[in-house]
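Topology and contacts: notes
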Amino acid sequence: MKIVAHFEIPYYQIVNEEGKITSDVPEFAKDPDHLIRLYRVMILNRLFDLKAIALTRTGKLGTYPSARGQEAVFAGMGDAIEKEDIFVPYYRDVGTLIQRGVKLKEILLYWGGDERGNAFECGGKDFPYSVPIGTQMLHAAGIATAFRIRGEKRAVLVTCGDGGTSQGDFYEAMNVAGVWKLPVVFVICNNQWAISVPRSQQTASQTLAQKAIAAGFSGEQVDGNDVIAVRERIFLALKNAREKNEPTLLEIVSYRHADHTTADDASRYEPKNQRELEWKNEPIARLYTYMTNLGMWSKEKDQALNEECAALVEQSVQDYASIPSVSPEVMFDYLYAVLPEAYKEQRDMLIKRGESAHG
Amino acid sequence: MAEITLVEAINQALAFEMQADPNVVVLGEDIAKNGGVFRATVGLLDKFGPERVRDTPLAESMIAGLSIGMASQGLKPVAEFQFMGFIYPALDQIINHASRMRHRTRGRLSCGVVFRTPFGAGIHAPEHHSESTEAIFAHIPGLRVVVPSSPARAYGLLLASIRNPDPVIFLEPSRLYRWAKQVVPNDGKALPLDKCFTLQVGMDITLVTWGAMVKETLAAANRLAKDGISCEIIDVATIKPLDIETILASVEKTGRCIIIHEAARTCGVGAEIAAQVAERGLMFLQAPIQRVTGYDTIVPYARLEKIYIPSENQIIETVNKVMEFA
């Protein structure tokens, strides 16, 4: 017998739950403005989530998936990705989308039940949310293939949850990315739960990151409550993708401090006290402590920032409320580039019925 | 000019469009070096290189998902599924994403992909290689389903499908791949999508069909002509969206309608055509609409497949029955 293959999975952390440095601080994190930018996105994301959940309770929004506890993942990704790269989200990525130029009112519009929220006024070719779990991993590989065919130095960043890693599409995407050397970075937002099924029941694999090994490239775990580590590791992975056509899998480990969505009730399955136990790791307090210890942040600044972000969220709700109602015939208008003759009668019938949209 | 087969016409169309449009990319299993198991893509690798002619890993959902990603950035992928029986893992991608990318992004992204696959029985292939499940795709909003039945229509309809900005399921009747040869000028001229083709003008009865069953239908009509029955033959060609107007105009003239397809009867595309003819053209009919179809069974393995496929005789018997009605 001889050993024909072996592998190691690294775990990256730069600032721990006490706000203390545990490894070298990257260049970007020495710039206070940069850290404050990241912190601001996390605060905005958290306040937006609270508002969105409140809106679902009054019927002004449909089902909404909160990112509470995972803000560092989305803030770090949005900061690391370049404008000309392409982002392919799953469905919890508010903090990344807003950094890509998507408006909060558009995110509300989407979860309010209106596809216009996917039209993205800022333009661009980023993907909309992907609801069928894991399917988007393949789209990312396809986009990266397009970049290779055209010889463009661009990368693709795609996310899924821990549950998504059980899908065939997840492995198929990584497999082809390895074979074709595609400039794509796969990110698993491991929040420990796929609705009610815990990470331990999803796979017997010790880490999710090691699933990259079978596809022929490297995988790593990152402390998902440490926005500095998340930003740095994704930044480097994207750079490798762009410059060397090397795909990477990052398992960003955090905790879902929320129900799966507003249609879920985690008390049915989540062990009591687990959320409270995990709360000491949550990412916003960690960066707050780190920045405060370094003297670049204070309670006063924090309050001012919170007020500014709350006002932005409030404004987005007003903007959302003032979006004119959608015309029913749009059901037909974007089905094909040009509506085929065969469906014009149905469209006319719909208009004649004169019904209007709900909500 | 040499006559070519249907599969050679597919190849000719692919080569023409790859030459004309650098965004056209072909991908699939065994399509590059091997030129495809039916040789539909033979020679493309040498002409256009491995970036644009890609052998994929063996995963059909992946082929569809990659194509969706590529198309979102402006490429024109033409993806091959080796047999229709292997397209099912890709249904998730085709139904959940390809068909609705334009709709759910309000036109910001689109999915101009051609999903090609051979389909149908009659070539002594293994199990799962003889499916005719076009109705699955015909049911999905946002898709087009195109079925050529001659070398010229294969060439013109494939060019039209590649140039179309929306997803097309392009079903190639494998039984006809090398059946009849025809001169097909390589002039880059597309044929219209969403239109039926009237293959033969007749006065007594309208025979509506597509794909490989065009062969038996033409032969049956030939024999019926000797008995003085004049059949009008319509090749539907684009089964979604359906050009019901051409079919209705024919039924108005003949007063009789038979729909012939290889696929299983229940919820087949024939049922939709019959329903629309009944809804809009009942007053034209002198006899009930009839269907000649495959049985509501699994397509049998090679020894029974000829019995499964509707025969020339079944068509003739049904025509005679309808002619006797009134």
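Let us look at the overall build of chain B. Of the regular secondary structure elements, chain B holds 12 helices and 14 strands. Relative to the 2.2 N^0.38 estimate, which gives 20 Å for 326 residues, the radius of gyration of chain B is 19 Å and therefore close to what a compact globule would have. The principal-axis extent of the C-alpha atoms belonging to chain B is close to 60 × 45 × 40 Å. Counting the 326 residues in chain B, one finds 63% classified as buried. Taking contacts inside chain B between residues at least 6 apart in sequence as the whole, the part at least 24 apart equals 83%. Once the 32 positive and 35 negative side-chain charges of chain B are each reduced to a mean point, those two points are 3 Å apart.

The next subject is the overall build of chain A. A count of helices and strands for chain A gives 13 helices and eight strands. Its C-alpha radius of gyration of 21 Å places chain A within 12% of the 21 Å reference for a compact globule of 359 residues. Summarising its shape, the C-alpha atoms of chain A cover approximately 70 × 55 × 40 Å along the three principal directions. The buried share among the 359 residues of chain A stands at 55%. Taking contacts inside chain A between residues at least 6 apart in sequence as the whole, the part at least 24 apart equals 71%. As displayed, chain A has an accessible area near 15900 Å², and 51% of this comes from carbon and sulfur atoms. Where the 41 positive side-chain charges of chain A centre and where its 49 negative ones centre are 2 Å apart.

Okay, helix α8 (residues 227-244) of chain A next. Residue and element names in this part refer to chain A. The end-to-end C-alpha distance of α8 is 25 Å, a good match for the 26 Å that 18 residues give at a rise of 1.5 Å each. Listed in full, the buried residues belonging to α8 are V227, I228, A229, V230, R231, E232, R233, I234, A237, L238, A241 and R242. The opening residue of α8, the one whose side-chain oxygen lies 3.1 Å from the backbone nitrogen of I228, is D226. Following α8 by one or two positions, N245 has its phi on the positive side, about 50 degrees.

Further remarks concern the packing of aromatic side chains. Residue and element names in this part refer to chain A. Throughout the structure, instances matching the rule amount to 16 aromatic pairs over all chains. Their ring planes at 50 degrees and their centres at 4.8 Å tell us that Y90 and Y91 sit as a pair that is tilted. Just as Y90 is buried, Y91 falls in that class too. Measuring from centroid to centroid gives 4.9 Å for Y110 and W111, while their planes differ by 80 degrees, and the two rings are edge-to-face. Given a relative accessible area of 16%, Y110 falls into the buried group. An aromatic cluster is present here, built from F48, Y64, Y110, W111 and Y129 joined pairwise through their rings.

Taken together, the 45 residues of chain A in the interface contact 44 residues of chain B. Summed over both sides, the interface of chain A with chain B buries roughly 3800 Å², with 58% coming from carbon and sulfur. Counting the surface chain A buries against chain B, the share from its top three residues, I149, W180 and Y334 of chain A, is 18%. Counting across the chain A and chain B interface gives two salt bridges. Here E115 of chain A makes a salt bridge to R106 of chain B, at a shortest N to O gap of 3.2 Å. Elements with a minimum of two residues in the side of chain A that touches chain B: α5 (136-150), α6 (168-180) and α12 (330-333) of chain A. If you tally residues by element for the side of chain A that touches chain B, the top one is α5 of chain A, at 11 residues. Tallied by class, residues from the side of chain A that touches chain B come to 26 nonpolar, nine polar and 10 charged.

The assigned domain composition of chain A is domain 1 (11-323) and domain 2 (327-359). Placing a centre on the C-alpha atoms of domain 1 of chain A and another on those of domain 2 of chain A gives a separation of 36 Å.

Moving on: a nonpolar patch on the surface. All names here are of chain B. A cluster of nonpolar residues, Y295, L304 and I307, forms a patch on the protein surface that exposes about 320 Å² of accessible area. Locating L304 in the fold gives a position in helix α11 (residues 302-308). Judged by its relative accessible area of 47%, L304 falls in the partly exposed class.

One pass over the structure, following the stated rule, counts 36 salt bridges over all chains. Here E282 of chain A ties to R46 of chain A by a salt bridge, and the two come within 2.6 Å at their closest N and O atoms. You can see E282 of chain A sitting in the loop between α9 (274-279) and α10 (283-293) and its partner R46 of chain A sitting in helix α1 (residues 32-57), a full 236 residues away along the chain. Comparing E282 of chain A with R46 of chain A shows no difference in burial state: the two are buried. Where E17 of chain B meets R163 of chain B, a salt bridge forms, and the shortest distance between an N and an O atom there is 2.9 Å. Of this pair, E17 of chain B sits in helix α1 (residues 6-20) while R163 of chain B sits in helix α7 (residues 151-163), and the two are 146 residues apart along the sequence. Overlapping salt bridges bring together R46, E71 and E282 of chain A as one network.

Let us now look at the nonpolar core. Grouped together as the largest cluster of nonpolar side chains are 82 residues, with contacts concentrated most on F186 of chain A together with I247 and I273 of chain B. Here this core takes nine residues from α5 of chain A, the largest share from any one element. The contacts of I247 of chain B, once residues within four sequence positions are left out, are C196, V208, I234, V236, L242, I273 and V277 of chain B. Residues L44, F74, I107 and M291 of chain A belong to the second largest nonpolar core, which totals 68 residues.

With that out of the way, let us pick up the sheet that holds strand β2 (residues 86-88) of chain A. Residues and elements named next belong to chain A. Spatial ordering of the open sheet is given by β1-β7-β8-β4-β3-β2, a layout of six strands whose pairing is parallel. Each edge of the open sheet is held by one strand with a lone partner, namely β1 (11-12) and β2. For strand β7 (residues 219-223) and strand β8 (residues 248-253), the ladder comprises five bridges, and the chain directions are parallel. Counterpart to E220 in the pairing with β8 is L250. The strands touched by helix α2 (residues 71-80) within the sheet are β2, β3 (156-161), β4 (184-190) and β8, with β4 carrying the most contacts at an inclination of about 165 degrees. Lying on the sheet, α6 is in contact with β3, β4 and β8; it crosses β4 at an angle near 150 degrees.

What follows covers unusual backbone geometry. Residue and element names in this part refer to chain B. Residue K240 is joined to P241 through a cis peptide bond whose omega torsion reads -10 degrees. Summarising the element assignment, P241 is placed in the loop between β12 (238-240) and α9 (244-254). One non-glycine residue with positive phi stands out, namely D194, at about 65 degrees. Among the secondary structure elements, D194 is positioned in the loop between β8 (182-183) and β9 (197-200). Exposure remark for D194: the relative accessible area of 19% places this residue in the buried category.

What counts, and at which threshold
- Chains are numbered independently. Their residues run from 1 in the order of the written sequence.
- Whichever chain is written first is A, and whichever ligand is written first is 1; the rest continue in order.
- In view of the model being predicted, local features appear only for residues whose pLDDT reaches at least 70, and side-chain atom pairs are presented and counted only at 80 or more, with totals across whole chains, interfaces and linings using the full set of residues.
- Side-chain measures were taken over the full set of non-hydrogen atoms in the model, leaving aside hydrogen atoms and water.
- The numbering of helices and of strands both runs from the N terminus, where a helix is a DSSP run of H or I of at least 4 residues and a strand a run of E of at least 2.
- We compute the radius of gyration from the C-alpha atoms alone; for a globule the expected value is 2.2 Å times N to the 0.38, where N is the number of residues.
- Only protein chains enter the accessibility calculation, which uses a 1.4 Å probe; a residue is then buried when its area is under 20% of its type maximum, exposed when over 50%, and partly exposed in between.
- Note on definitions: a residue-residue contact is assigned when non-hydrogen atoms from the two residues lie within 4.5 Å.
- As used throughout, the charge tally considers Lys and Arg to be positive and Asp and Glu to be negative, leaving His and the chain termini uncounted.
- Charge positions are represented by NZ for Lys, CZ for Arg, CG for Asp and CD for Glu.
- Per-residue accessibility takes into account occlusion by the displayed protein chains alone, with areas from the Shrake-Rupley method and a 1.4 Å probe.
- Take the residue count of a helix, subtract one, and multiply by 1.5 Å to get its expected span.
- N or O atoms within 3.5 Å of each other form a polar contact, as long as, within protein, one can give a hydrogen and the other can take it, and as long as residues adjacent in sequence are counted only when both atoms are side-chain atoms.
- A pair of Phe, Tyr and Trp rings is counted when the ring centres sit within 6.5 Å of each other, with Trp represented by its six-membered ring. The angle between the planes then sorts it: under 30 degrees is stacked, over 60 is edge-to-face, the rest tilted.
- A quick way to say it: buried area is the sum, across both parts, of accessible area lost when two parts are put together, with a 1.4 Å probe.
- Throughout this description, the term salt bridge denotes a Lys or Arg side-chain nitrogen within 4 Å of a carboxyl oxygen of Asp or Glu.
- The residue classification treats Ala, Val, Leu, Ile, Met, Phe, Trp, Tyr, Cys and Pro as nonpolar and Asp, Glu, Lys and Arg as charged. All others, Gly included, are polar.
- An automatic or database domain assignment is the source of the domain bounds shown.
- Patch criteria: residues need more than 30% relative accessible area and no salt bridge. Like-charged residues are merged within 9 Å; nonpolar side chains of Val, Leu, Ile, Met, Phe, Trp and Tyr are merged within 5 Å.
- Side-chain atoms within 4.5 Å link the members of a nonpolar core, which is a set of buried Ala, Val, Leu, Ile, Met, Phe, Trp, Tyr and Cys residues.
- Following DSSP output, two strands are said to pair if at least two bridges run between them.
- Axis geometry follows a simple rule: fit a line to the C-alpha atoms, using only the stretch in contact for helices, then measure angles between N-to-C directions, giving values from 0 to 180 degrees.

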